[in-house]
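# Coordinate inspection notes
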Amino acid sequence: QRCYRVVGQALKALLHLHQQHLPHGHLSPESLLVEDAPLGPQVRLLWAPGQRRPEKHTLATLGFRAPGDWGAEAGSAADIWSLACVILVWWSGFSPCPHPWTQFAGRSNLQEEIHNALSEQPPALPQALLDLHGAAAVAEEPGHSFLSLLASMLTKCLVWKAEDRPSASQLLNDRFFQSLAL
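Only a predicted model underlies this, so the values are computations on that prediction, with no experimental measurement involved.

## Some thoughts on the overall build of the protein
Regarding its fold elements, the protein presents 7 helices and 4 strands. When the helices and strands of the protein are listed from N to C terminus, the series reads α-β-β-β-β-α-α-α-α-α-α. By residue count, 45% of the 182 residues in the protein fall in the buried class. By sequence separation, contacts in the protein at least 24 residues apart represent 61% of the contacts at least 6 residues apart. Taken as a whole, the protein presents about 9,400 Å² of accessible surface, with 53% of it coming from carbon and sulfur.

## Details of the pairing of strand 1 (residues 32-37)
Where strand 1 meets strand 2 (residues 40-45), 6 bridges bridge the pair, whose relative direction is antiparallel. Paired with leucine 33 across the strands is arginine 44, a residue of strand 2. Taken together, strand 1 and the strand that follows it, strand 2, pair antiparallel across an intervening segment of 2 residues.

## A word on the pattern of salt bridges
The full count for this structure, using the stated rule, is 4 salt bridges. Where arginine 2 meets aspartate 36, a salt bridge forms, and the shortest distance between an N and an O atom there is 2.7 Å. Here arginine 2, found in helix 1 (residues 2-19), pairs with aspartate 36, found in strand 1; they are 34 residues apart in sequence, far enough to count as distant. Judged by its relative accessible area of 43%, arginine 2 is partly exposed. Of the residues examined, aspartate 36 reaches a relative accessible area of 64% and is grouped as exposed. Among the ionic pairs, glutamate 113 bridges to arginine 107, the shortest N-O distance being 3.1 Å.

## Quick notes on helix 1
Three- or four-residue spacings in an α-helix give side chains the same orientation, since the helix completes a turn every 3.6 residues. If you check helix 1, its first and last C-alpha atoms are 26 Å apart, about what 18 residues at 1.5 Å a residue would give, namely 26 Å. Within the sequence span of helix 1, burial applies to Tyr4, Val6, Val7, Gly8, Gln9, Ala10, Leu11, Leu14, Leu17 and His18. The elements touched by buried residues of helix 1 are strand 1, strand 2, helix 2 (76-92), helix 5 (146-157), helix 6 (168-172) and helix 7 (175-178).

## Overview of helix 4 (residues 127-138)
Compared with an ideal rise of 1.5 Å per residue, which puts 12 residues at 16 Å, helix 4 spans 17 Å between its outermost C-alpha atoms and is within 8% of the ideal. Three or more residues of helix 4 are buried, namely Ala128, Leu129, Leu132 and Ala136. Looking straight down helix 4, one finds its buried side chains confined to an arc of 105 degrees; they lie on one side. Structural note: helix 4 exposes Ala137 and Val138 on the side pointing more than 90 degrees away from its buried face. Next to the buried residues of helix 4 lie helix 2 and helix 5.

## Structural notes on unusual backbone geometry
Here the amide bond leading from serine 95 into proline 96 is cis, since omega sits at 10 degrees, within 30 degrees of zero. Within the fold, proline 96 resides in the loop between helix 2 and helix 3 (110-119). Phi is positive for histidine 21, close to 60 degrees, though the residue is something other than glycine. Even without being glycine, phenylalanine 94 reaches a positive phi, approximately 60 degrees. Note that phenylalanine 94 resides in the loop between helix 2 and helix 3.

## Details of the nonpolar core
If you look at the biggest cluster of nonpolar residues, it comprises 45 residues, and the most contacted ones within it are Leu11, Leu83, Trp101, Met153 and Leu154. Of all the secondary structure elements, the ones that give two or more residues to this core are helix 1, helix 2, helix 3, helix 4, helix 5, helix 6 and helix 7. Here this core gets 10 residues from one element, more than from any other, and that element is helix 2. In this structure leucine 11 touches Ile80, Leu83, Ala168, Leu171, Leu172 and Phe177, once residues within four positions along its chain are discounted.

Here is what the cut-offs are and how they apply
- Residues numbered from 1 in each chain as written.
- Predicted model: local features only at pLDDT ≥ 70, side-chain atom pairs only at ≥ 80, totals over all residues.
- Heavy atoms only, no water.
- Helix = DSSP H or I, 4+ residues; strand = E, 2+ residues; numbered from the N terminus.
- Buried < 20%, exposed > 50% of the residue type's maximum accessible area, 1.4 Å probe, protein only.
- Contact = heavy atoms within 4.5 Å.
- Areas by Shrake-Rupley, 256 points an atom, 1.4 Å probe, with all protein chains shown as cover.
- Pairing = 2+ DSSP bridges.
- Salt bridge = Lys/Arg side-chain N within 4 Å of Asp/Glu carboxyl O.
- Expected span 1.5 Å × (residues − 1).
- Arc of directions from axis to C-beta.
- Core = buried A, V, L, I, M, F, W, Y, C linked by side-chain atoms within 4.5 Å.

Structure follows, in structure tokens:
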């Protein structure tokens, strides 16, 4: 229940920004403040000092950048990729590393490793997504389990082409959230 609320509020915050034609451009776990409140968790979308300048957006934090976002101005589709990476890091409990590319944990040339992985044909995906699919496959829950629905939604967010990624609005209507009514 908490996860649905936190992810839903994060998507609603992004939707509000995107409706104003303002991509965040720098999503990372530090960009989302989750506070416990009497009615449940409250999510606030933050820009830390240096993350956003009035004249233009800076690029997302290393490990959360979308393909094609290297050296370019980020857009709303890049925010969707980045949010999926944040959710993967939350799911993994920041272990073994504070980014979703766990296959490169402990390597000193992380930026180069991720850039090379995204340059492959087809591009590599963050290992944390593959681990989530593995956990969903062995979960002792029905086929519409939390993990299966989460893995399905995040897979849609982590497609290579920006134009093929769902919008924040479309994600709010994803089966992941519809499962709450079941």
